[in-house]
Structure formats: structure tokens, C-alpha cells
Amino acid sequence: RAGWLSSQQHVYDECVHSLVGRILSGFNSTVLAYGQTGSGKTHTMGTSASTLDVDPSSLGIIPRAVAELFNRLAQGEGELESATCTA
């Protein structure tokens, strides 16, 4: 279970990793970050990085999911014909 002291990797593994497989099987998936101002939603989603020189351990959900999705597609997994990604 992901919690207060969880690493970015742990949050991804526990909450999002399985959704990538479902996307490759043709299902829609959504991840929603909800919480009080200043609670870390932007950091956890991974949209706060302003440069490509980011420590990989600090990457959030979005860059991890996109990387995994494209890596798995490159390996021939899934039969994705089209996709829409909104952030």
C-alpha cells in the first residue's frame, strides 16, 4: 500500500503499473490525484519537472506510465491502434 513515506516507484508499482497492461488490452484507464493544496499531487503525478535532467527515482506517475507503455509496445505487446493522452 502506498502511503506518506512511499517512494515514487512504490506509488507507481502499487497504483498504476497494472493499468498499463489493461491499456494494452484495450481498456480505458484514469489516474486521479486529489488532495489539499500543497499535498504533493503535482510531484506525484510527475508534472513538476522543468528539465530532462531529472533524477530517475524522482519521476512521477505520468513519465513512468508513458515510458512503460512505449517500451511494452516496442516489444510487441498489445494491439494498440490509437491512443489519446490528456494531462
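Position labels on residues start from 1 in each chain and follow its written sequence. Where local features are concerned, this predicted model is filtered to residues with pLDDT of at least 70; where side-chain atom pairs are given and counted, the filter is 80 or more; whole-chain, interface and lining totals use all residues. Excluding hydrogens and water, the side-chain values take into account all heavy atoms of the structure.

Asker: Got a minute to help me understand the pattern of salt bridges in this structure?
Answerer: Two side chains with opposite charge may pair up if their charged atoms get near one another. For salt bridges, the criterion is a side-chain nitrogen of Lys or Arg within 4 Å of an Asp or Glu carboxyl oxygen. Scanning the model with the defined rule gives two salt bridges in all. As a salt-bridge pair, E68 and R72 come within 2.9 Å of each other at their nearest N and O atoms. Linking E68 with R72, this pair stays in helix 4 (residues 61–74), spanning four residues, or about one helical turn. Neither E68 nor R72 differs from the other in exposure class; each is buried. Per the convention used, a helix needs a DSSP run of H or I reaching at least four residues, while a strand needs a run of E reaching at least two, with both numbered from the N terminus. For every residue, the accessible area obtained with a 1.4 Å probe (protein chains only) is divided by the maximum for its type, and the residue is called buried under 20%, exposed over 50%, and partly exposed between those limits.

Asker: Hey, could you run me through the confidence of the model for the protein chain in this one?
Answerer: In predicted models, pLDDT denotes the confidence assigned by the predictor to each residue on a 0 to 100 scale. Averaged over all residues, the pLDDT of the protein chain equals 83, while 82% of them reach at least 70. The spread of mean pLDDT over the elements of the protein chain runs between helix 3 (residues 41–45), the lowest at 84, and helix 2 (residues 17–24), the highest at 92.

Asker: Looking at this structure, I do not really get the nonpolar core. What am I missing?
Answerer: The definition of a nonpolar core used throughout is a set of buried Ala, Val, Leu, Ile, Met, Phe, Trp, Tyr and Cys residues joined through side-chain atoms within 4.5 Å. Core analysis: the biggest nonpolar cluster contains nine residues, these being V11, Y12, V16, V20, L24, M45, I61, A65 and L69. Two residues form a contact once any of their heavy atoms are found within 4.5 Å. The contacts of Y12, once residues within four sequence positions are left out, are H17, V20, I61, R64, A65 and E68.

Asker: Explain the packing of helix 1 (residues 8–15) against helix 4 to me, please; I cannot follow it from the model alone.
Answerer: The axes of two packed helices give the description: the angle between them and the distance between them. Fitted lines through C-alpha atoms serve as axes, helices being fitted only where they are in contact, and the angles separating the N-to-C directions of these axes extend from 0 to 180 degrees. One can describe the packing of helix 1 onto helix 4 by two numbers: an axis separation of 10 Å at closest approach and a directional angle of 60°. Classed by the angle they form, the pair helix 1 and helix 4 counts as oblique. Crossing of helix 1 against helix 4: the hand is right-handed. Taking contact as the criterion, the partners of Q8, Q9, V11 and Y12 in helix 1 are, on helix 4, I61, R64, A65 and E68. Our angle categories are set so that under 35 degrees counts as roughly parallel, over 145 as roughly antiparallel, 65 to 115 as roughly perpendicular, and the remainder as oblique. It is the rotation of the near helix from the far one that decides the hand of a crossing: anticlockwise by less than a right angle makes it left-handed, clockwise makes it right-handed.

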